[in-house]
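Structural overview for review
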Amino acid sequence: MTYEEALELMFKALPMYQRVGQAAFKKDLTNTIRFCEALGNPHQKFKSIHIAGTNGKGSTSHMLASVLQSAGYNVGLYTSPHLKSFTERIRLNGEEVEKSFVVDFIECNTRLLEEIQPSFFEMTVAMAFDYFAKMKVDVAVIEVGLGGRLDSTNIITPELSVITNIGFDHMDMLGDTLPKIAFEKAGIIKEGVPVVITERHEETEEVFRSVAAARNSDIVFADEIHHDEVPLSDLQGIYQVRNTLGVLAAIQVLNQKGWQISSASVMAGFAQVQKNTGLRGRWQQLDANPLVICDTGHNKEAFQYIIDQIKTCIYDQLYMVLGFVKEKDLNPILAMLPEEAHIVFCEPKIPRALLLEELKQKTSHMRQKRAFIQDVNQAIAFARQEAKHDDMIYIGGSTFVVAEIENL
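Let us look at the structure shown here. Note that the structure is a prediction, hence the values are computed from the model and not measured. Residue positions are counted from 1 within each chain, in the order its sequence is given. In keeping with the predicted nature of the model, local features appear solely for residues at pLDDT of at least 70, side-chain atom pairs appear and are counted solely at 80 or more, and the whole-chain, interface and lining totals rest on all residues. The side-chain numbers reported here are obtained from all heavy atoms of the structure, hydrogens and water having been left aside.

Helix and strand definitions follow DSSP, with helices as H or I runs of at least four residues and strands as E runs of at least two, each counted in order from the N terminus. By the element assignment, threonine 54 lies in the loop between β1 (47-52) and α4 (57-70). According to the relative accessible area criterion, threonine 54 is buried, its value standing at 9%. As a C-alpha pair, threonine 54 and glycine 167 span 113 residues in sequence and 5.6 Å in three-dimensional space. Accessibility here uses a 1.4 Å probe with only protein chains present; expressed as a share of the type maximum, an area under 20% marks a residue as buried, one over 50% as exposed, and anything in between as partly exposed.

Here it is, written out as structure tokens:
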């Protein structure tokens, strides 16, 4: 089997949330438990840190992995979705999993795949756990895929759980109120395992406190901790300040548990997140004149941070290249878009994409100057052609728009 054949099997034979949405979401952990039992329960052979949240869990995972690497630990990192290559999801000290391992895993477990019929995500989680066990990692930073309580990653018993924040996203699966969504995220809190909450919110605080109390879990809110010095991260988004405080709280808890993470390691880890972990697509500058920025933020709360940051930028004219998935509630996001912006709507190449024709209808009330170009890179090329030296182009709306950017 070649790597391309292994990918073909994974992407086409297994239901994939990124492509088909809710149809691929399994509402229990049975498949993951069965799969991992057949593999010898690899997730029980290494220490882990579990990270959930509506926004910031990816950045937090990469920041924490970078700091742990700088402290000399052998660090696994599991995140999703990937932008360009499947192997981005599974990393060892920042290096992507070898394609040969992916092929071998699929070939060796063909019978299991046929018998259990896991989703794409369930299979990927089992692959990551198997890889980390075989590589004998000191610790693996594991990012939740969706929610928490019923997420495939939630078979681990970590050293520490981190919940970044709670916002309105995936409400069709997680609930339509912040407390309901918080309850799903709080599902990663384990018996006797401490939990860090990055952002305190009056509607969700009691949910976290009650679940933590029921599970004898020490709970730490990041805003309770004073820091003499806050490290500077190479991640440029202003929203990363909140994520930084959550990671610093997590590091403090780990040191209290006997981990050895020095202040110098913290500073070095924050300064080299992108280099150490390969993180891309977080307020990433692609060009200077005109200024071109992309970001994977794709829900109401994330978009508010993005708009706030755009307001701090200096430019003559703002262009925005935006595409979305069809289940997204667009109204709050559209209402945030600056009135002076020229907007180019596009359509990422996935079955879940919000089609351009529907976008035209949903945006017909808008006063901004609009254009509709289906292909993501053609839409970017159009914006570049229109923009002048001192203008700004923002690209985003969906992770899948950013994923299609050429030469990202």
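Spatially, eight strands are ordered β4-β3-β2-β5-β1-β6-β7-β8 in an open sheet, and the strand pairing comes out mixed. Bordering the open sheet on either side are β4 (95-96) and β8 (219-221), each of which pairs with just one other strand. Taken together, the three bridges between strand β6 (residues 160-163) and strand β7 (residues 195-197) define a ladder with parallel strand orientation. Across the sheet, residue isoleucine 163 finds its bridge partner in β7, namely isoleucine 197. By definition, two strands form a pair when at least two bridges between them are found by DSSP.

This next bit is on the pattern of salt bridges. The salt bridge criterion pairs a side-chain nitrogen of Lys or Arg with a carboxyl oxygen of Asp or Glu, the two atoms within 4 Å. Taken as a whole and assessed by the stated rule, the structure comprises 18 salt bridges. For arginine 280, the salt bridge identified is with glutamate 88, shortest N-O distance 3.0 Å. One end of the pair, arginine 280, is in the loop between α13 (273-277) and β9 (284-288); the other, glutamate 88, is in the loop between β2 (75-78) and β3 (90-92), and 192 residues separate them in sequence. Between lysine 360 and glutamate 357 there is a salt bridge whose closest N-O contact spans 3.4 Å. Taken as a pair, lysine 360 and glutamate 357 lie in helix α16 (residues 356-362) at a separation of three residues, close to a single helical turn. Exposure remark for lysine 360: the relative accessible area of 35% places this residue in the partly exposed category. Linked through salt bridges whose partners overlap, the residues forming this network are Arg200, Glu205, Arg209, Asp223 and Glu224.

Let's shift gears to the packing of aromatic side chains. Ring pairs shown here join Phe, Tyr and Trp side chains whose ring centres sit within 6.5 Å, with only the six-membered ring taken for Trp; geometry is labelled stacked below 30 degrees between planes, edge-to-face above 60, and tilted in between. On inspection of all chains with the given rule, the structure shows 14 aromatic pairs. When the ring of tyrosine 131 is compared with that of phenylalanine 132, the centres are 6.2 Å apart and the planes differ by 55°; the resulting orientation is tilted. Among the aromatic residues, those joined into a ring-pair cluster are Phe35, Phe46, Phe101, Phe105, Phe129, Tyr131 and Phe132. The cationic tip of arginine 200 hangs over the ring face of phenylalanine 221; the distance from NZ or CZ to the ring centre is 4.3 Å. Sitting over a ring, as applied to charges here, requires NZ of Lys or CZ of Arg to be within 6 Å of the ring centre and within 35 degrees of the ring normal.

A word on the pairing of β9. Where β9 meets strand β10 (residues 291-294), four bridges bridge the pair, whose relative direction is antiparallel. Its bridge partner lying in β10, aspartate 287 is registered against valine 292.

Here the focus is the sheet that holds β10. The strands making up a sheet associate through hydrogen bonds between their backbones, and the pairing can be parallel or antiparallel. The strand order across the open sheet formed by six strands is β9-β10-β14-β11-β12-β13, and the pairing between neighbours is mixed. Looking at strand neighbours, the two that pair on one side only are β9 and β13 (369-372), the edges of this open sheet. Pairwise comparison of adjacent strand axes, ignoring direction, gives a mean angle of 15° for this sheet. Of the strand pairs in this sheet, strand β11 (residues 318-322) and strand β12 (residues 342-345) are connected by four bridges, and their pairing is parallel. Its bridge partner being in β12, methionine 320 is matched across the sheet by isoleucine 343. What makes two residues a contact is simply this: any of their non-hydrogen atoms within 4.5 Å. Note on method: axes are straight lines fitted to C-alpha atoms, helices fitted across the in-contact stretch only, with angles between N-to-C directions ranging 0 to 180 degrees. Contacts from helix α14 (residues 300-312) reach β11 and β14 (392-396), with the element oriented near 155° to β11.

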